[in-house]
Number of protein chains: 2
Amino acid sequence: MTDLRPSREHWPVARAWNFSAGPATLPLPVLERARAELLELPGAGASVLEISHRSRAFEAVIEEAEANLRALLGVPDTHHVLFLQGGASLQFAMAPMNLLGSGAAAEYVLTGSWSRRALAEAERLGAARVAWDGAEGGYTAVPDLGSLELDPGAAYLHVTSNETIQGVQLPDGFEPRGGAPLVCDASSDFLSRPLPVERYGLLYAGAQKNAGPAGLTIVLIRQDLLERIPEGLPTMLDYRTHVEHRSLYNTPPTFAIYVFLLVTRWLRDEVGGLEAMRERNREKAALLYEAIDASEGFYRGHATPEARSLMNVTFRLPSEELERAFVAEAREAGLLELAGHRSVGGIRASIYNAMPLEGVRALRAFMDDFRARRA
Amino acid sequence: MTDLRPSREHWPVARAWNFSAGPATLPLPVLERARAELLELPGAGASVLEISHRSRAFEAVIEEAEANLRALLGVPDTHHVLFLQGGASLQFAMAPMNLLGSGAAAEYVLTGSWSRRALAEAERLGAARVAWDGAEGGYTAVPDLGSLELDPGAAYLHVTSNETIQGVQLPDGFEPRGGAPLVCDASSDFLSRPLPVERYGLLYAGAQKNAGPAGLTIVLIRQDLLERIPEGLPTMLDYRTHVEHRSLYNTPPTFAIYVFLLVTRWLRDEVGGLEAMRERNREKAALLYEAIDASEGFYRGHATPEARSLMNVTFRLPSEELERAFVAEAREAGLLELAGHRSVGGIRASIYNAMPLEGVRALRAFMDDFRARRA
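Residues numbered from 1 in each chain as written. Chains lettered and ligands numbered in written order. Predicted model: local features only at pLDDT ≥ 70, side-chain atom pairs only at ≥ 80, totals over all residues. Heavy atoms only, no water.

**Quick word on the domain arrangement of chain A**
Residues and elements named next belong to chain A. Taken domain by domain, chain A consists of domain 1 (17-31 + 274-374) and domain 2 (40-269). On a C-alpha basis, the centres of domain 1 and domain 2 stand 26 Å from each other. Contact residues are listed per partner, giving 34 residues for domain 1 and 33 residues for domain 2. Regarding the contact of domain 1 and domain 2, the summed buried area is about 2600 Å², with carbon and sulfur atoms giving 61% of it. For domain 1, the biggest contributors to the area lost against domain 2 are Val30, Leu274 and His302; these three give 25% of the whole. Along the contact surface separating domain 1 from domain 2 lie two salt bridges. Note that Asp172 is salt-bridged to Arg278, the shortest N-O span being 2.3 Å. At the boundary of domain 1 with domain 2, the tally comes to 17 residue pairs in polar contact (both at pLDDT 80 or more). (Domains from an automatic or database assignment. Contact = heavy atoms within 4.5 Å. Buried area = accessible area lost by both parts, 1.4 Å probe. Salt bridge = Lys/Arg side-chain N within 4 Å of Asp/Glu carboxyl O. Polar contact = N/O pair within 3.5 Å; in protein donor to acceptor, adjacent residues only side chain to side chain.)

Here it is in structure tokens:
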């Protein structure tokens, strides 16, 4: 197999095409800007790694980060934007701690490994029940949320918009019935497409797939949900603390917020916004799903066609031996991190926002070549 | 005042001397190495910002980070090393959540603003009482821990080894009597001097003063304390989760851990270990305290001489007007972030490990000059 690494023209060092599920590829212009400013954030006299979170220079960073996010997603004034730590895994606990105070149960839609983890945490902390479970089908499908029988009196309805491990994704503009506040783990498709933010009560996303480095969690929360938070929570785990202090109650992950700012600028200025980002993502995913569909069963997609993720393309080969050969030969060709999650096996290609079309074309060429040689 | 900025020879960009209390100055060789590797961690084919926390390349980072920390501090096998998120502020809650299950009360030594915050969080979550309180003296002193009457049956004794805001620090090798497990917030003097780790049950430190960027919290916990953790805690807030998964239960703050690794290498290879680091820190602090003591009352140190911090040198001038002039003129001269914490006012010079002697000499020269002009 020929070397499929990015051409030196675009990638000045020995970078490969990196299909990691997260932490994941960042836009090259973002990395280059961060590198150029690493010893001094212009005007600050110090690196962004070294400045106080209460300095004017950092205030400018966090304010622009929030403003850009609000503009990109169209976040209404009813919703607060928080920059937190701990990842979605900590949100799995914070959401029920903050929103299950009334004693009403929450409903969970189980579409894969991550929504199961979210449910398990809610069950430790309050009342939670399953609204839909894709386990029997091996988490290959997603429900039609508009036709589910949901409890309008539930404390909230929790969904996972994209399941990184299984590679299934809720469709654009999904809208549950029922009227309970919608809570969404959007970690792995955040900023990959427009979102009707006004429909969400709480939306959270670990940054390390589409939005920035690991160590930053972005939370959108609607004002009226703050009123149901019980008293007595640990200060750091009460959403009101971070709303009142505009994410500066304690030292936030300043560098990760700075890189997130650079990502929002890239989305706005180089991609052209979230509609354009969605088009790019559709084009990239189509290249790989076409290869699967045209492979006469050599590549078997995990997800049903309706549930296919634009972010994580998951598939099997006829044998585990072939899967190991696929991953190893791809690595030799400069295509990294294509092994499926250790819990499900197979192949997974994560093609988040920052993966360029050329990288996906390189993988497509590899898939076609591998099949021609090994089918 | 002449320009006191670092010479271009050592600082290739427009860096100033940055006395921020945290996030704070990092060693220049650390920043330069991070910059050199920002597009590709050697051999990884991607930036350290982009690689999976379960990749071999990152495993090498986190394993070396732990090994270096163990070697520098002499961490015994009885103690686990954890890389967490949320800062000391989250540890203020995690410590009592994990260690107050038996119903016994914890005792808190109050030496300043941070220990008060730690106590407030423990009081929300269980039984806690004050073992010593420096409030009456305005938090200018620290107790002789060896002579305090402590409850040997307490769940733990909590101390704050350095108070960033007041600039008071517990002395080297402090050793409380009583026998309750010692819990220490070491955020602002971690790695600034050798520590008898074997004496500690739990020690935690936000990285952003001496150890790395914001967004990383380093925790040392003794094995036997794990046995008293109650069941039913949120998974992310149970220390056992992170012990069992070696800090990889979920995605850790990978870049911050990488920078921490570079800091440990700098401490070992360029500084020569923690004894040498302590000598440097003593020399730096002495330069400033000498200026205070020789100022005939123009500069009035906040801390009593016995309690003076080697990390944060806090003092007042004869008037707030002079303090504002001091901060503004220092900034003009290239000496940044010298205003005291908003809650106490005055001047604070934070001179953590990474502040070079030259930077402190520049501040000393400024102090002497300012006094000559304005006294």
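**Concerning the relation of the copies chain A and chain B**
Aligned on chain B, chain A shows an RMSD of 0.0 Å; the corresponding rotation is 180° and the shift along the axis is 0.0 Å. The operation mapping one copy onto its partner corresponds to a two-fold rotation axis. Using C-alpha coordinates, one finds that chain A approaches the rotation axis most closely at A:Arg35, a distance of 2.7 Å. When the interface residues of chain A are mapped onto chain B, 100% of them are again interface residues, pointing to one common binding face. (Least-squares fit on C-alpha atoms with pLDDT ≥ 70 in both.)

**Some words on the pattern of salt bridges**
Residues and elements named next belong to chain A. Tallying each qualifying case throughout the model produces 52 salt bridges over all chains. For Asp151, the salt bridge identified is with Arg129, shortest N-O distance 2.6 Å. With Asp151 in the loop between strand E4 (128-133) and strand E5 (157-160) and Arg129 in strand E4, the pair connects residues that are 22 residues apart, well separated along the chain. Salt-bridge contacts for Arg308 lead to Asp293; the nearest nitrogen and oxygen are separated by 2.8 Å. Here Arg308 is found in the loop between strand E11 (300-301) and strand E12 (312-316), whereas its partner Asp293 is found in helix H7 (residues 274-293), with 15 residues between them in sequence. (Helix = DSSP H or I, 4+ residues; strand = E, 2+ residues; numbered from the N terminus.)

**Points about the packing of aromatic side chains**
Residues and elements named next belong to chain B. Inspection of the entire model under this criterion finds 29 aromatic pairs over all chains. Aromatic side chains Phe255 and Tyr258 sit 5.8 Å apart centroid to centroid with 40° between the ring planes, which places their arrangement in the tilted category. Of this pair, Phe255 and Tyr258 both sit in helix H6 (residues 254-271), separated by three residues, roughly a single helical turn. For Tyr258, a relative accessible area of 2% puts it in the buried group. Between Phe326 and Phe366, the aromatic rings sit 5.0 Å apart at their centres with planes inclined by 80°, giving edge-to-face as the arrangement. Residue Phe326 is found in helix H8 (residues 320-332), and its partner Phe366 is found in helix H9 (residues 357-374); the two are separated by 40 residues along the sequence. (Phe/Tyr/Trp six-rings, centres within 6.5 Å; stacked < 30°, edge-to-face > 60°. Buried < 20%, exposed > 50% of the residue type's maximum accessible area, 1.4 Å probe, protein only.)

**Focus: the nonpolar core**
Across soluble globular proteins, nonpolar side chains show a tendency to be buried alongside one another. Among the nonpolar cores identified, the biggest contains 131 residues, and A:Leu73, A:Phe190, B:Leu73 and B:Phe190 are the most heavily contacted of them. Apart from the residues within four sequence positions on either side, B:Leu73 is in contact with B:Phe190, B:Leu191, B:Arg193, B:Leu195, B:Val197, B:Leu220 and B:Leu274. The next biggest cluster of nonpolar side chains, apart from the first, holds 69 residues, and it includes A:Ala155, A:Leu237, A:Tyr249 and B:Ala88. (Core = buried A, V, L, I, M, F, W, Y, C linked by side-chain atoms within 4.5 Å.)

**What about the side chain of A:Ser52?**
By the element assignment, A:Ser52 lies in the loop between helix H1 (28-36) and helix H2 (56-73). Judged by relative accessible area, A:Ser52 falls into the buried class, the value being 10%. Of note is the side chain of A:Ser52, whose polar atom sits 2.9 Å from the backbone nitrogen of A:Arg54. Once residues lying within four places of it in the same chain are set aside, the contact partners of A:Ser52 are A:Phe58, B:Ser20, B:Gly22, B:Pro23 and B:Glu337.

**Considerations on the interface of chain A and chain B**
Across the contact, 62 residues belong to chain A and 62 residues belong to chain B. Summed over both partners, the interface of chain A with chain B comes to about 4900 Å²; 58% of that surface belongs to carbon and sulfur atoms. Summed over the three residues of chain A that lose the most area to chain B, namely A:Leu39, A:Leu49 and A:Glu50, the buried surface amounts to 15% of that side. Seen at the junction of chain A and chain B, the total is two salt bridges. One salt bridge connects B:Glu50 with A:Arg15, and the closest N-O pair in it is separated by 2.9 Å. For the side of chain A that touches chain B, the elements supplying multiple residues, two or more each, are H1, helix H3 (87-99), helix H4 (113-125) and helix H6 (254-271) of chain A. Across the side of chain A that touches chain B, the residue classes tally to 31 nonpolar, 20 polar and eleven charged. (Nonpolar A, V, L, I, M, F, W, Y, C, P; charged D, E, K, R; others polar.)

**Considerations on the pairing of E12(A)**
Residue and element names in this part refer to chain A. Where burial is concerned, most of E12 is hidden: four out of the five residues are buried. Across two bridges, the pairing between E11 and E12 is antiparallel. When the bridges of E12 are listed, Gly301 appears paired with Phe315. The pairing of E12 with strand E14 (residues 347-350) spans four bridges and is classified as antiparallel. Residue Val313 lies in a different strand from E14, and its bridge partner there is Ala349. (Pairing = 2+ DSSP bridges.)

**Considering empty space enclosed by the protein**
Using a probe with the size of a water molecule, rolled over the atoms, empty space left in the structure can be pinpointed. Under the defined criterion, the tally for this structure stands at seven cavities of 30 Å³ or more. A volume near 150 Å³ is recorded for the largest cavity. Lining the largest cavity are 17 residues, with A:Leu84, A:Gln85, A:Met236, A:His242 and B:Gly86 sitting closest to its centre. For the lining of the largest cavity, the secondary-structure elements that each account for two or more residues are strand E2 (79-84) and H3 of chain A. Of the residues in the lining of the largest cavity, the class split is nine nonpolar, eight polar and no charged. Taken as a whole, the second largest cavity holds about 120 Å³ of empty space. Forming the boundary of the second largest cavity are 13 residues, of which B:Leu84, B:Gln85, B:Met236, B:His242 and B:Asn250 lie nearest the centre. Within the residue set of the lining of the second largest cavity, elements represented by two or more residues are strand E2 (79-84) and helix H3 (87-99) of chain B. Looking at the lining of the second largest cavity residue by residue, the class counts come to eight nonpolar, five polar and no charged. (1 Å grid on protein atoms, 1.4 Å probe; cavity = no way out; pocket = protein on both sides within 12 Å on 5 of 7 lines; lining within 4 Å. Points joined across faces, edges and corners; volume = space filled by probe spheres on them.)

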